[in-house]
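Next come the chains, spelled out residue by residue.
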Amino acid sequence: KQEVTQIPAALSVPEGENLVLNCSFTDSAIYNLQWFRQDPGKGLTSLLLIQSSQREQTSGRLNASLDKSSGRSTLYIAASQPGDSATYLCAIETSGSRLTFGEGTQLTVNP
Amino acid sequence: GAVVSQHPSWVICKSGTSVKIECRSLDFQATTMFWYRQFPKQSLMLMATSNEGSKATYEQGVEKDKFLINHASLTLSTLTVTSAHPEDSSFYICSAPDRTAALSGNTIYFGEGSWLTVV
């Protein structure tokens, strides 16, 4: 059974700082890995999707990496802004479009 | 682009009543949809897989008689929480993979989610 762990559970940083969120998974037989953002009381916003054959994806200030062999992914956020404050979820897609989510990292960027 | 719409966004019901949540794929047909539940401060947990024209597949520990799932058409799945209790209060969210774009693989779209409060 796939298990997804995210570290840290919460993170508070000053505005402008670069930061890294970590995600680890137990079963390397994955279709892809996806990072989502969830604002309080809201649904999910897809940030980046890395196919199992890829090693990283970039979108603006976000960069996500994937190392299947070690079962790890990182989400790098450059020059953080208060608007980046949210919970970030890592999800692994296995067979049949099923997603297994980590418990998330709650990020607070202080002005 | 493709959108999955979920309704209602917020619902408050009395204990013992039933509540229905709808999940619609607006721009594509979805033979499969997924229902997740998220308790406060916890992550999303898959509850069940909704299959068009056949019975839903439930995850271990999810009561199929309590959480009724109907996938009557290629664009609509419904989740009915029967005889709701306060412990059923949670955030429910659906997803649907768009498998029509064969070259790019599946894209999974999420609904906006539904907050259920049982009083």
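Residue positions within a chain follow its written sequence, with the count starting from 1. Written order determines the labels here, with chains lettered from A and ligands numbered from 1. Reporting in this predicted model follows two pLDDT cut-offs: at least 70 for local features of residues, and 80 or more for side-chain atom pairs to be given and counted; totals over whole chains, interfaces and linings ignore these cut-offs and use all residues. With hydrogens and water stripped out, all remaining heavy atoms of the structure feed into the side-chain values.

## Focus: the overall build of chain B
Turning to step 1, where the next piece is worked out: A count of helical and extended segments in chain B gives zero helices and 11 strands.
Turning to step 2, where the next piece is worked out: Beginning at the N terminus, the succession of helices and strands in chain B can be written as β-β-β-β-β-β-β-β-β-β-β.
Turning to step 3, where the next piece is worked out: All radius of gyration figures rest on C-alpha atoms, and the globule criterion is 2.2 Å times the number of residues raised to 0.38. Taken against the 2.2 N^0.38 rule, which gives 14 Å for 119 residues, the C-alpha radius of gyration of chain B at 14 Å falls within 12% of a compact globule.
Turning to step 4, where the next piece is worked out: Its C-alpha atoms give chain B principal-axis dimensions of about 45 × 25 × 20 Å.
Turning to step 5, where the next piece is worked out: Accessibility here uses a 1.4 Å probe with only protein chains present; expressed as a share of the type maximum, an area under 20% marks a residue as buried, one over 50% as exposed, and anything in between as partly exposed. Across the 119 residues in chain B, those meeting the buried criterion constitute 48%.
Turning to step 6, where the next piece is worked out: Throughout, a contact is declared for two residues whenever any of their heavy atoms are within 4.5 Å. Counted over contacts in chain B with a minimum sequence separation of 6, partners at least 24 positions apart contribute 53%.
Turning to step 7, where the next piece is worked out: A 1.4 Å probe and the Shrake-Rupley method give the accessible areas. Residues count as covered only by the protein chains that appear here. For chain B, the accessible area works out to roughly 6,000 Å², and carbon and sulfur atoms hold 54% of it.
Turning to step 8, where the next piece is worked out: Positive: Lys, Arg. Negative: Asp, Glu. His and the chain ends are not part of the count. Here the site of a charge means atom NZ of a Lys, CZ of an Arg, CG of an Asp or CD of a Glu. Of the charged side chains in chain B, 9 are positive and 10 negative; the average position of the first set lies 5 Å away from that of the second. Going along the chain from the N terminus, every DSSP run of H or I of four or more residues is numbered as a helix, and every run of E of two or more is numbered as a strand.

## What about the overall build of chain A?
Turning to step 1, where the next piece is worked out: Along chain A, the regular secondary structure elements total zero helices and 11 strands.
Turning to step 2, where the next piece is worked out: Here the C-alpha radius of gyration of chain A, 13 Å, is about what a compact globule of 111 residues would show, namely 13 Å.
Turning to step 3, where the next piece is worked out: Projected onto the principal axes, the alpha-carbon positions of chain A cover approximately 40 × 25 × 20 Å.
Turning to step 4, where the next piece is worked out: In chain A, which comprises 111 residues, the share counted as buried stands at 41%.
Turning to step 5, where the next piece is worked out: Sequence separation of 24 or more characterises 53% of the internal contacts of chain A that already satisfy a separation of 6 or more.
Turning to step 6, where the next piece is worked out: When the accessible surface of chain A is totalled, it reaches about 5,300 Å², and 46% of it is carbon and sulfur.
Turning to step 7, where the next piece is worked out: The distance from the centre of the 8 positive side-chain charges to the centre of the 10 negative ones in chain A is 5 Å.

## What to know about the sheet that holds strand E3 (residues 19-25) of chain B
Residue and element names in this part refer to chain B.
Turning to step 1, where the next piece is worked out: The strand order E1-E3-E8-E7 describes an open sheet built from four strands, whose pairing is antiparallel. Pairing within the sheet leaves two strands with one partner each, and these edge strands are strand E1 (4-7) and strand E7 (67-73). Along the sheet, successive strands turn relative to each other by an average axial angle of 15°, direction set aside. A pair of strands counts as paired when DSSP detects no fewer than two bridges linking them. Axes here refer to lines fitted to C-alpha atoms; in helices the fit is confined to the stretch in contact. Angles between the N-to-C directions go from 0 to 180 degrees.

## Overview of the confidence of the model for chain A
Turning to step 1, where the next piece is worked out: Confidence along chain A averages 94 in pLDDT terms, with 100% of residues attaining 70 or more.
Turning to step 2, where the next piece is worked out: Residue-level confidence of the predictor is what pLDDT reports, using numbers from 0 through 100. Across chain A, the element-wise mean pLDDT spans from 92 in strand E5 (residues 44-51) of chain A up to 98 in strand E8 (residues 72-77) of chain A.

## Remarks on the packing of aromatic side chains
Turning to step 1, where the next piece is worked out: Pairing of aromatic side chains requires ring centres within 6.5 Å, counting the rings of Phe and Tyr and the six-membered ring of Trp. Pairs whose planes differ by under 30 degrees are stacked, by over 60 edge-to-face, and all others tilted. Inspection of every chain in the model, using the stated rule, returns nine aromatic pairs over all chains.
Turning to step 2, where the next piece is worked out: Ring geometry for Phe91 of chain B versus Trp115 of chain B: centroids 4.7 Å apart, planes at 45°, classification tilted. Taken together, the residues span a long stretch of sequence, with Phe91 of chain B in strand E9 (residues 90-98) and Trp115 of chain B in strand E11 (residues 114-118) at a distance of 24 residues.
Turning to step 3, where the next piece is worked out: Looking at Trp115 of chain B, the relative accessible area reads 23%, which means it is partly exposed.
Turning to step 4, where the next piece is worked out: By way of ring pairs, the aromatic residues Phe36 and Phe101 of chain A together with Tyr36 and Phe110 of chain B are connected into one cluster.
Turning to step 5, where the next piece is worked out: Over a ring means this: the NZ of a Lys or the CZ of an Arg is within 6 Å of the ring centre and within 35 degrees of the ring normal. For Lys66 of chain B, the ring lying beneath its charged end belongs to Phe67 of chain B, and the centroid distance is 6.0 Å.

## Let's talk about the state of the cysteines
Turning to step 1, where the next piece is worked out: Pairs of cysteine sulfur atoms within 2.5 Å are what we label disulfides. The final tally for this structure, using the stated rule, is two disulfides over all chains.
Turning to step 2, where the next piece is worked out: In this model, Cys23 of chain A is linked to Cys90 of chain A through a disulfide, with the two sulfur atoms separated by 2.0 Å. Where Cys23 of chain A bonds to Cys90 of chain A through sulfur, the torsion about that S-S bond is close to -60°, and the disulfide is left-handed. One end of the pair, Cys23 of chain A, is in strand E3 (residues 19-25); the other, Cys90 of chain A, is in strand E9 (residues 86-93), and 67 residues separate them in sequence. No difference in accessibility class separates Cys23 of chain A from Cys90 of chain A, as the two residues are buried.
Turning to step 3, where the next piece is worked out: Residue Cys23 of chain B pairs covalently with Cys94 of chain B via a disulfide, S to S 2.0 Å. When the S-S torsion is 80°, as for the bridge of Cys23 of chain B with Cys94 of chain B, the disulfide is right-handed. Pair noted here: Cys23 of chain B is in strand E3 and Cys94 of chain B is in strand E9, with a separation of 71 residues, a long-range link.
Turning to step 4, where the next piece is worked out: Of the residues examined, Cys94 of chain B reaches a relative accessible area of 0% and is grouped as buried.
Turning to step 5, where the next piece is worked out: For the unlinked cysteine Cys13 of chain B, the closest cysteine sulfur is that of Cys94 of chain B, found at 18 Å.

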